[in-house]
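# Close look at the chain arrangement
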Amino acid sequence: MAPTDNQNWLALFFDKVGRYFVAGIEEIGNGGVLVVESFFWLIVGPRRKQPVRLGSIFAQMMEIGIQAIPIVALLASAIGVMLAIQGIHTLRIFGAESRVTIGIAFSVVREFSPLITGILVAGRSGSGLAARIGTMKINQEIDALKVMGINPTRFLVVPALLAMLVMVPMLTILSDLMGLLAAGLYVGIDLGISMAAYFDEVRDILTVDDVWHGIGKSVIFAILIAVIGVVNGASVTGGAEGVGKATTRSVVQAISAIIVTDMIFAFVATR
Amino acid sequence: MAEDKNTEQPAQGPDKAQDKAPGKVIEVDNLVTHYGEREILKGVTLDVRENEIMVIMGGSGSGKSTLLRHLMALEMHTSGTMKILGQDIEKLTAMEMFHLRKKLGVAFQSGALFSSMTVGENIMLPLHEHTDLDPTTREIMARMKLEVVSLAGFENLMPAELSGGMVKRAAFARAIIMDPKILFCDEPSAGLDPVVASALDDLILDMRAAMGMTIVVVTHELESAFKIADRLTILDKGHILMIGTVDEVRKSKNERVQNLLNRMPEDDTIDPDEYLGRLTGEEIGGDATL
């Protein structure tokens, strides 16, 4: 008996969902292998006379971290001021605006700094990584590395991953400071609280655990950004258009992964 | 696998004395490879001898680039065996493969120079990664290789600042920086004007003479192939049509070899019903399905 249109539609739907699911699992697997392989080269590379070059790591750290300082500082300050404005506005309803520092301190350090830093690095450096590796792939540069006996993971991925692991938490700390500082300035102007009093209160409220909460997240975000960028770059096919698609895909996936991971991390860490 | 009826076996008469295993740097036996379900190489068997220039020729889709990727150990085959410098690449450990790769040089079709590095840094990269030479020695060696490819003085330029021919020359310089035993060249003269292409052919001959390496060239440029080849391998739809010297290939009676040499398209008779079916997406005489 010939299938009806409905049956055809259903079969196509499940076929498509199945393919996406399998492709997704494959990508996650590739990402996992990449992380393991990266640490393998980091540890075993020097013994095999194939070390990860410090120069490459520093070059990546400059690109991912140092060059991102102005934009991270600017956005963190804007977020700090925004939190202060909303906090004061909301708490004024209860006449409790003087307690705004609690909300600002927790929100900035535990949530907004790692989140904004992660999203920014994903958009700035994760996409750059995907584009670079994708372009190298279509230009046969990855093949050239392989035939020269240079492992592409050691040469391209490990420096980027290490640079992310160092610089994303650093940028998060910078973001914490800038967010708190900018919020403090606004609170000072709006509520007439001195900066010294504001920072005393912040210090009383925050614990070391709160700071580690944010930094811990940023470490996970760093791995996600690097792995998603590399996996998407390595999957490029079809020339320049393929590079563009992989870059966009990398940014969307990295930001989605950051937000979902943030939620899971927050849930687990507050139990 | 059954041989193709049109296949001419490797020239054996006068060369038989050389045809001993120690003289062979590449030995491919009944190599079969697939991309997904599609069979690309269908039982390829060939040898490349020490210090010879072997040119692999064939039309588009004949499998020559795929064969080259296998010879460079960039892809693994489905069945058959392949030995490079006496080592069965399927049985090599990662470390053995690493050491083998240091004896191979590749000049890619696009050059594949790293765009973020200068020409000099590109050429020095293998030395930087595989040797303990100090930077000054590396620079001297890079300049020497640039001299060989007539690019002296260009080491501080970025690849984007070079012309197509210069990029290929720089790629040659990088490929020979470790003094490889085998040099692979993928379409060295593709996209170049005849003068520059001819100069590159001369360069390949000079490099063989100066460095005594074995060179495998994939090309579809007849003029270039006849100029540089000691022997040619003619591929067609994943089969080897023939292996022989330039003279043997020129005198071949094989119709498909002659078609390739005379640039004649394959006689492809079109079935009108099938053609109509392809256009409309309908199977003539069957159900109309997508």
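Residues numbered from 1 in each chain as written. Chains lettered and ligands numbered in written order. Predicted model: local features only at pLDDT ≥ 70, side-chain atom pairs only at ≥ 80, totals over all residues.

## Some thoughts on the overall build of chain A
- When its secondary structure is counted, chain A shows nine helices and zero strands.
- Listing each helix as α and each strand as β along chain A from the N terminus yields α-α-α-α-α-α-α-α-α.
- In terms of overall dimensions, chain A has a C-alpha envelope of 70 × 65 × 35 Å along the principal axes.
- With 271 residues in all, chain A has 44% of them scored as buried.
- Taking as baseline every contact in chain A between residues at least 6 positions apart, the subset at least 24 positions apart corresponds to 84%. (Helix = DSSP H or I, 4+ residues; strand = E, 2+ residues; numbered from the N terminus. Buried ≥ 20, exposed ≤ 12 C-beta atoms within 10 Å, placed from the backbone. Contact = placed C-beta atoms within 7 Å.)

## Quick word on the interface of chain A and chain B
- Counting residues at the interface gives 10 residues for chain A and 14 residues for chain B.
- Grouping the amino acids of the side of chain A that touches chain B by side-chain chemistry returns four nonpolar, three polar and three charged. (Nonpolar A, V, L, I, M, F, W, Y, C, P; charged D, E, K, R; others polar.)

## Quick word on the sheet that holds strand β3 (residues 53–58) of chain B
Residues and elements named next belong to chain B.
- Spatial ordering of the open sheet is given by β6-β7-β8-β3-β9-β10, a layout of six strands whose pairing is mixed. The open sheet has two edge strands, β6 (104–107) and β10 (239–244), and neither has a second partner. The sheet shows a mean angle of 15° between the axes of neighbouring strands, direction not considered.
- Two strands pair when backbone bridges link them, and strand β9 (residues 231–236) and β10 are joined in this way by five bridges, in the antiparallel orientation. By the bridge assignment, Thr233 is partnered in β10 with Ile243.
- Against the sheet, helix α5 (residues 164–175) contacts β6 and β7 (182–186), and its axis sits at roughly 175° relative to β6. (Pairing = 2+ DSSP bridges. Axes fitted to C-alpha atoms, helices over the stretch in contact; angles between N-to-C directions.)

## Considerations on helix α1 (residues 64–71) of chain B
- Burial of α1(B) is extensive: six of the eight residues sit out of reach of the surface.
- In the stretch just after α1(B), Ala73(B) is the one whose phi turns positive, near 60°.

## A closer look at the nonpolar core
- Counting 143 residues, the largest nonpolar core has Met164(A), Ile225(A), Val55(B), Phe184(B) and Ile234(B) as its most contacted members.
- Of the residues forming this core, the biggest block, 18 residues, is contributed by helix α6 (residues 152–191) of chain A.
- The residues touching Ile225(A), leaving out its near neighbours within four places in the chain, are Gly118(A), Val121(A), Ala122(A), Ser125(A), Gly126(A), Met164(A) and Ala254(A). (Core = buried A, V, L, I, M, F, W, Y, C linked by C-beta atoms within 7 Å.)

## Structural notes on the packing of helix α3 (residues 119–130) of chain B against α5(B)
Residues and elements named next belong to chain B.
- Interaxial distance between α3 and α5 falls to 8 Å at its minimum, and their mutual angle equals 25°. Judged by the angle between their axes, α3 and α5 are roughly parallel. The two elements α3 and α5 meet at a crossing, and its hand is right-handed. Here Val119, Asn122 and Ile123 of α3 lie close against α5, whose contacting residues are Ala170, Ala173 and Arg174. (Parallel < 35°, antiparallel > 145°, perpendicular 65-115°, else oblique. Left-handed = near helix turned anticlockwise from the far one by under 90°.)

## A few points about the sheet that holds strand β5 (residues 87–88) of chain B
- Taken together, four strands build an open sheet; the order of strands is β2-β1-β4-β5 (chain B) and the sheet is antiparallel. Unpaired on one side and paired on the other, β2 (38–49) and β5 of chain B mark the two borders of the sheet.

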